[in-house]
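# Secondary and tertiary structure notes
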Amino acid sequence: MSSGLPPIQGAPKPQVKALNCPKCGAAIMLRALGQAISVVCASCHSILDAKDPNLAILQTFDKITSSDPPLIPLGTRGKIRGTDYEVIGFERRNIQVEGIRYFWHEYVLFNPYKGFRYLTEYQGHWNDIAICKELPIIDTRFSTPPEANYLGEMYKHFQSADANTDYVLGEFPWEVRVGEHASVTDYIHPPRVLSSERMSNEVTWSIGEYIYGKDLWSAFALPGSPPEAQGVYENEPSPFSTNIQAVWMAFAVFALGLLILMIGFEASAKKESVFHQSYLLSRGEPKGESSFVTNTFNLDGRTSSVEVTTSAGVQNDWIYVNYALINQDTGQAWDFGREVSFYSGYDSDGSWSEGKQTDSVVVPSVQPGNYYLRIEPEVDRSHAPVVYSVDVRRDVPVSAFYGIGFLALLIPAILVTWRSVSFERSRWSESDHPPSPIFNTGDN
Amino acid sequence: MFKKFYLLYGILVLGGVGYAQYRGMSLDSMNQLKNVPKSVRDNPGSYRSIYSSYHHYTGGK
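Each chain has its residues counted from 1, running along the sequence as written. Labels are handed out in written order, letters beginning with A for the chains and numbers beginning with 1 for the ligands. pLDDT decides what is reported in this predicted model: residues at 70 or higher carry local features, side-chain atom pairs at 80 or more are listed and counted, and totals for whole chains, interfaces and linings draw on all residues regardless. Computation of side-chain values covers all heavy atoms of the structure but excludes hydrogens and water.

## Some thoughts on the overall build of chain A
Convention followed: Helix numbering and strand numbering both begin at the N terminus, where a helix is a DSSP run of H or I of at least 4 residues and a strand a DSSP run of E of at least 2. With C-alpha atoms as the basis for the radius of gyration, the globule rule is written as 2.2 Å multiplied by the number of residues raised to the power 0.38. For every residue, the accessible area obtained with a 1.4 Å probe (protein chains only) is divided by the maximum for its type, and the residue is called buried under 20%, exposed over 50%, and partly exposed between those limits. The Shrake-Rupley method, run with a 1.4 Å probe, gives the accessible areas here. Residue values count only the displayed protein chains as cover. Charge assignment in this entry is limited to Lys and Arg as positive and Asp and Glu as negative, and neither His nor the chain termini are counted. Charge coordinates come from a single atom per side chain, which is NZ of Lys, CZ of Arg, CG of Asp or CD of Glu.
Assigned secondary structure in chain A consists of 3 helices and 26 strands. For chain A, whose C-alpha radius of gyration is 39 Å, the value lies well above the compact-globule estimate of 22 Å for 444 residues. On the principal axes, the C-alpha backbone points of chain A span a range of 120 × 55 × 40 Å. Considering chain A as a whole, with its 444 residues, one finds that 49% of them fall into the buried category. On chain A, roughly 21,400 Å² of surface is accessible, and the fraction owed to carbon and sulfur atoms is 52%. Averaging the locations of the 35 positively and 51 negatively charged side chains of chain A gives two centres separated by 8 Å.

## A look at the overall build of chain B
The helix and strand tally for chain B stands at 1 helix and 1 strand. The 61 residues of chain B split such that 30% are buried.

## Thoughts on the sheet that holds strand 20 (residues 304–312) of chain A
Residue and element names in this part refer to chain A. To be explicit about the condition: We treat two strands as partners when DSSP finds at least two bridges between them. Lines are fitted to the C-alpha atoms to define the axes, a helix being fitted only along its stretch in contact, and any angle between axes, read from their N-to-C directions, falls within 0 to 180 degrees.
Taking strand neighbours across the sheet as the criterion, the 4 strands line up as 17-26-20-24 in an open arrangement whose pairing is antiparallel. Of all the strands in the sheet, just strand 17 (272–281) and strand 24 (358–366) have a single pairing partner and so form its edges. Each neighbouring strand pair of the sheet contributes to a mean axis angle of 15°, computed without reference to strand direction. Sheet topology note: the strand 20/strand 26 (residues 386–394) ladder contains 7 bridges and is antiparallel. Looking across to strand 26, one finds that Thr309 is bridged to Asp391.

## Considerations on the packing of aromatic side chains
Rules: When the centres of two rings from Phe, Tyr and Trp lie within 6.5 Å, Trp using its six-membered ring, the rings pair. Their planes under 30 degrees apart give stacked, over 60 give edge-to-face, and anything left gives tilted. Criterion for a charge above a ring: Lys NZ or Arg CZ within 6 Å of the ring centre, and within 35 degrees of the ring normal.
A complete count under the given rule lists 20 aromatic pairs over all chains for this structure. Here Tyr210 of chain A and Tyr212 of chain A contribute two aromatic rings whose centre-to-centre distance is 5.2 Å and whose plane-to-plane angle is 75°, an arrangement assigned as edge-to-face. Each member of the aromatic cluster is reached from another via a ring pair, and the members are Phe90, Tyr107, Trp126, Tyr167 and Trp217 of chain A. Over the ring of Tyr22 of chain B we find Arg302 of chain A, and its NZ or CZ is 4.2 Å from the ring centre. Just above the ring of Tyr372 of chain A sits the side chain of Arg41 of chain B; from NZ or CZ to the centre is 4.5 Å.

## Re the domain arrangement of chain A
Our working rule: Domain start and stop positions are those given by an automatic or database domain assignment.
For chain A, the domain assignment lists domain 1 (17–237) and domain 2 (270–396). Taking the mean C-alpha position of each, domain 1 of chain A and domain 2 of chain A sit 80 Å from one another.

## Points about the pairing of strand 12 (residues 147–150) of chain A
All names here are of chain A. Of the pairings in the sheet, the one linking strand 11 (residues 137–139) to strand 12 comprises 3 bridges and is antiparallel in character. Bridge pairing links Ile138 to Ala148 in strand 12. Of the strand pairs in this sheet, strand 12 and strand 13 (residues 153–172) are connected by 4 bridges, and their pairing is antiparallel. Following the sheet pairing, Glu147 is matched in strand 13 by Lys156.

So, in structure tokens, the structure goes:
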């Protein structure tokens, strides 16, 4: 929530005056003499009329926030947007939602030539507030939530509430009172917030921009570090939203690149058949040593893959083949075993089948040279005659790499989108327009 | 920040896929051996595959 306060006109001459509180006699320094309307005695907490040379007492209140002092002490000077300001006032306000009071703090900043400016702080979230230069236009006809147009920028309604002031300190450019009520409405366009504040028949609009605590601490040269921001604030800029569109654009470009890679490799791959042979295992075979070697075949070209395909006409049966692809000249070998099995039948659910009569495996990064296969088939002892064939092809692309690449590109894009959506849901969950739950639990 | 990371990451992914395909890499598991004796050519039984005596699944409903 922001302060909606009238600006001081003109560029007055800076004046500072030391006075005494008419109630307790404590020294009071008026930093915005001639511009402050109210001043609060830090000693007895009387609210005094700063326009009155005798500082007439407007209100007295019990100090109730001794444990909640200003995080930026009154009198502190700092530079905001290139202008020096001094903190001259502090107030604590609250709203009550569903029986819970939420407190926030407002600071009045003053520069004798630029006038007043405000800072608000809620649970470590800060806003730099100024009075609007134009009256915003509210559009409730076509948009849900309603929107406000300010200087051509659309702001979505976030929250309306009744605010109450419960503690004041320092100087204020209006007649401040403890217990003061105002209807406040916030519209957001992160990182900006547009706020209206209605008191009696007067409405004040202010525009704020989210500012990080560490930047304020630096601007005011404050010791230590600012309180850590808790949760997601209404106009806190999302660390993800600016990335989402660009990330998905990049994803689309990369996916296209992947497609081009796939087309390129599919078109340029030789897929050259270098060996094909069929074998018959009659009933009762093999007897004794079952392994044998094939004729030598040549794998030429660059280092690339070799695909070995085993096809077997098995029906409710299996064949397992131990392979070794051996380089005749260097003795380098790849050892692997493949099973071909196929089962089918019919039951009360209808026909079913399981397995395949063909199996392929890709041997990686095989250098050119003369190779042969050592083959050692294994079958069930009671097998029917099995015909199986072995095919060897050179330079065959592996489609799974494209799938892995696609997933590798997709997952970060989904994650960052999910985080962005979660951030926005957290933001709006605190508003008058909370998002509907993603998963409906059915609980009433 | 993430945008830059993703751009670099995407380039690495595409490069990785291209390199894997060009080098003929594979996802299939197999055992690579060096210096298999030339005698295997004449006596295949002298070589024993580490995958032999595999426990075979005899499927079906």
